[in-house]
Amino acid sequence: MNLPDPAGVLDLIEAFRRSKTMFTGVSLGVFDRLNQGPASAAELASAMGAHPDALERLLDACAALGLLSKQDDIYTNSAAAETYLCAASPHTMSGYIRYSDQALYPMWGNLADAIREGTPRWGQTFGLDGPIFSSFFRSDEAMRDFVRGMHGFGMLTSPKVAAAFDLSGFHKIVDLGGATGHLAIAACERYSGLRGVVFDLPRVTAMAREQVALSAASDRIEVAAGDFFEDELPEADLFAVGRILHDWTDQKIEHLLRRVCQRLPADGALLVAEKLLAEDGVGPVPANMQSLNMLVVTEGKERSLGQYTRLLRAAGFAEVEGRTTGVALDAILARKSY
């Protein structure tokens, strides 16, 4: 009897071990410490108060994963670790990695209950009730760490989203829930005639101003505080929502989309950045994994272009076009009229 190849099953059995290895390296400060210079396992153990043999196993595992290099028992960060895992890097994802370790990892342990009940797992896992920014991120420092990590993701995706369609005919883009402003920054840097507004909750706007100030297009980008569900939206002929719609139910999305559509002029449009599922719901794998993540964490889910098109047209948009980008987020452009 010829058995099927078990490689895929075996890989999934130990996949979480690889993730947890990287999470632990970030949590213990391995990559930040090596950012200061190469070191041996003994030196790192002494500096970090860790068990020497146990830490050496972790370091060797990180080296095997390509996160470190090891030569003559001296460890050095890889280029990827320097760029994405060190807090000092402008491209760091360490904040989101810590969030994945401290929040998502334990919450995914309750995935079966989320499937049975169809609800997020904040209460079951942490005894928390309410929005993430008012419950899990109780301190400004914790929220800042998370938002900086998401900025690292945004710097990888937003330039591709901004380039997915020709936006040169628009005059002003307002990025709703824009966080650090990476999408508005990418759009304004690409299109010299475009002005931008980053619109987000007051707790986030200070970080947005910091990032906007670093942009070559800073003189064309403003930061405004507000709640896009409740407050008056700024005037614009192009709105954007990136990693926003997947957080919510169809009903809440329809409410937001109607507000946007009503605020737009006749020739206005909405740029949506989300990972698109295939029309039958199967694949790409990152979209399926993120949809399960939305189940565990929010009341939302990932959707296909067809599903977003129905929501957008119900809200008053006439023409909807989607583009895959090759990165973690795809792009949809919905025009108010033809």
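Owing to the predicted nature of the structure, the values given are computational and were not obtained by experimental measurement. Counting starts from 1 at the beginning of each chain's written sequence and moves along it residue by residue. Since the coordinates come from a predicted model, pLDDT governs what is reported: local features require at least 70, and pairs of side-chain atoms require 80 or more to be given and counted, while whole-chain, interface and lining totals use all residues. As a rule here, side-chain values cover all heavy atoms of the structure and leave hydrogens and water aside.

**Here we look at the pattern of salt bridges**
Reasoning step 1: Every case where a carboxyl oxygen of Asp or Glu lies within 4 Å of a side-chain nitrogen of Lys or Arg is listed as a salt bridge. Here the structure, examined in full by the defined rule, presents 17 salt bridges.
Reasoning step 2: Of the charged contacts in the structure, one is a salt bridge between Asp11 and Arg18, with a shortest N-O distance of 3.0 Å.
Reasoning step 3: Relative accessible area decides the class of each residue, using a 1.4 Å probe on protein chains only: under 20% of the type maximum gives buried, over 50% gives exposed, and in between gives partly exposed. With relative accessibility at 36%, the residue Asp11 sits in the partly exposed group.
Reasoning step 4: Residue class for Arg18 comes out partly exposed when judged on its relative accessible area of 30%.
Reasoning step 5: A salt bridge links Glu210 to Arg144; the shortest N-O distance between them is 2.7 Å.

**Observations concerning the side chain of Thr325**
Reasoning step 1: Mapped onto the fold, Thr325 is located in the loop between strand S9 (319–323) and strand S10 (330–335).
Reasoning step 2: Accessibility expressed as a relative area gives 16% for Thr325, which makes it buried.
Reasoning step 3: Residue contacts follow a heavy-atom distance rule, with two residues in contact if any of their heavy atoms lie within 4.5 Å. In this structure Thr325 touches Lys160, Ala164, Asp330 and Ala331, once residues within four positions along its chain are discounted. We count a stretch as a helix when DSSP gives it H or I for four or more residues in a row; a strand needs E for two or more, and each element gets its number in order from the N terminus.

**Examining a nonpolar patch on the surface**
Reasoning step 1: Here, patches come from residues exposed beyond 30% relative accessible area and free of salt bridges, joined within 9 Å for like charges and within 5 Å for nonpolar side chains (Val, Leu, Ile, Met, Phe, Trp, Tyr). Accessible areas in this description were obtained via Shrake-Rupley with a 1.4 Å probe; residue shielding takes into account the shown protein chains only. A contiguous nonpolar patch, built from Val9, Leu10 and Ile13 and spanning about 290 Å² of accessible area, is present on the exposed surface.
Reasoning step 2: Mapped onto the elements, Val9 comes out in helix H1 (residues 7–28).
Reasoning step 3: For Val9, a relative accessible area of 55% puts it in the exposed group.

**As for unusual backbone geometry**
Reasoning step 1: Between Gly283 and Pro284 the backbone carries a cis peptide bond, its omega angle lying at -10 degrees.
Reasoning step 2: Secondary-structure assignment places Pro284 in the loop between strand S8 (269–274) and helix H14 (285–297).
Reasoning step 3: At Asp72, a residue that is not glycine, the phi angle is positive and equals roughly 55 degrees.
Reasoning step 4: Relative to the assigned elements, Asp72 resides in the loop between strand S2 (68–71) and strand S3 (74–77).
Reasoning step 5: In this structure Asp72 comes out as exposed when scored by relative accessible area, which is 71%.

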